[in-house]
Amino acid sequence: SRAQARILAEGVVEPVLAPDRLPADLLPVIPFSRESIRAGSQGINDFTAVISCCSVGRRDVPHINLVTDIDASPQACFDASRDVAVHLASSPSERVVGGVREGLLNLDDTVTWRARHFGIAWRMTSKIVDLQRPHRFVDEMQRGPFGHWHHEHIFEATDRGTRMIDRVDYAS
């Protein structure tokens, strides 16, 4: 997200590498270091957000569509979006209380977040249910405050870098 990229660019967080070895096909194409992340995060160009609602059966299902254009490669954006430290730096009210606590989230990984938003404390466990590096990954809520939470992250190469699209479907 734009906030995550800004926090990295300002040096608020030190990037953290996963403590164990990853399979070669899941290793970042661009190694994580303070310099590489800053280089990949300085070019946030623009973003648009659309919140809509559509009827599914008898229930209205809200949708959030956020489009962000970034002057960085899809690989760098994809890996930064799965990095627990980047997420924590962009969301200071959130903490990891279970599952993967650092490094990159991969297929079938779960993480439990504890947060306080608008004065309300909550926990949410998410699982990476689909991962197609470096184009797309999906996380879904396993337990938490929503009736349903499905978050699709899409990374498309553009002439200027990457178009990052976040699509969220949720229900209360």
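Residues numbered from 1 in each chain as written. Predicted model: local features only at pLDDT ≥ 70, side-chain atom pairs only at ≥ 80, totals over all residues. Heavy atoms only, no water.

1. Points about the packing of aromatic side chains
What counts here: Planes of paired rings set the category: under 30 degrees apart is stacked, over 60 is edge-to-face and the rest tilted, where pairs are Phe, Tyr or Trp rings (Trp by its six-membered ring) whose centres lie within 6.5 Å. Note on conventions: DSSP H or I runs of at least 4 residues are helices, E runs of at least 2 residues are strands, and numbering of each starts at the N terminus. Summary of the burial criterion: residues with accessible area below 20% of their type's maximum are buried, those above 50% are exposed, and those between are partly exposed, where the area comes from a 1.4 Å probe applied to protein chains only.
Going through the model one piece at a time under the given rule, you end up with six aromatic pairs. Judged by centre distance (6.2 Å) and plane angle (15°), the rings of Phe-137 and Phe-155 are stacked. Of the two residues, Phe-137 sits in strand β6 (residues 136-143) while Phe-155 sits in strand β7 (residues 148-158), which places them 18 residues apart along the sequence. Across this residue pair, the class does not change: Phe-137 and Phe-155 are buried. These aromatic residues form a ring-pair network of at least three members: Phe-78, Phe-137 and Phe-155.

2. Some points on helix α3 (residues 74-81)
Counting buried positions over the eight residues of α3 gives seven, a clear majority of the element. Among the residues of α3, Pro-74, Ala-76, Cys-77, Phe-78, Asp-79, Ala-80 and Ser-81 are the ones counted as buried.

3. Some points on the nonpolar core
The criterion, for reference: Among buried residues, the Ala, Val, Leu, Ile, Met, Phe, Trp, Tyr and Cys ones that are joined through side-chain atoms within 4.5 Å form a nonpolar core. We call two residues in contact whenever any of their non-hydrogen atoms come within 4.5 Å of each other.
With 15 residues, the main nonpolar core has Val-84, Leu-105, Phe-137 and Phe-155 as its most contacted residues. Within the residue set of this core, elements represented by two or more residues are α3, β4 (110-117) and β5 (120-132). Sequence-distant contacts of Val-84, defined by excluding residues within four places in its chain, comprise Val-96, Val-100, Arg-101, Glu-102, Gly-103, Leu-105 and Trp-113.

4. Remarks on the environment of Gly-98
Mapped onto the elements of the fold, Gly-98 is located in strand β3 (residues 95-99). On the accessibility criterion, Gly-98 (13% relative accessible area) is buried. Considered as a pair, Gly-98 and Thr-112 are 14 residues apart in the sequence and their alpha carbons are 4.7 Å apart. Not counting residues up to four positions away in its chain, the partners in contact with Gly-98 are Thr-110, Val-111 and Thr-112.

5. Here we look at unusual backbone geometry
Omega for the peptide link from Arg-133 to Pro-134 comes to 0°, which places this bond in the cis form. Tracing the sequence through the fold places Pro-134 in the loop between β5 and β6. Positive phi outside glycine occurs at Asp-108, with the angle close to 75°. Structurally, Asp-108 can be placed in the loop between β3 and β4.

6. So, the pairing of β7
As a reminder of what qualifies: One requirement defines pairing of two strands: DSSP has to find at least two bridges between them.
With five bridges joining them, β6 and β7 adopt antiparallel strand pairing. Its bridge partner being in β7, Val-138 is matched across the sheet by Glu-152. Between β6 and β7, which follow one another and run antiparallel, lie four residues, and Gly-144 among them has a positive phi close to 155°. In sequence, β7 turns back onto strand β8 (residues 161-171) through a hairpin of two residues.

7. Side note on the environment of Arg-133
So the rule is basically this: Pairing of N or O atoms within 3.5 Å defines a polar contact, subject to two protein rules: one partner must be a possible hydrogen donor and the other a possible acceptor, and residues neighboring in sequence count only if both atoms are side-chain atoms.
With respect to the secondary-structure elements, Arg-133 resides in the loop between β5 and β6. Judged by relative accessible area, Arg-133 falls into the buried class, the value being 19%. In this structure, the C-alpha to C-alpha distance between Arg-133 and Phe-78, residues 55 residues apart in sequence, is 7.4 Å. Side chain to side chain, Arg-133 and Asp-79 meet in a polar contact 2.6 Å long.

8. Comments concerning the pairing of β5
Relative to β5, β4 runs antiparallel, the two being bridged by eight bridges. Across the sheet, the residue bridging to Ala-115 is Trp-122, located in β5. The turn joining β4 and β5, which pair antiparallel and follow one another in sequence, is formed by two residues; a positive phi near 55° is taken by Phe-118. Pairing of β5 with β6 involves seven bridges; the strand directions are antiparallel.

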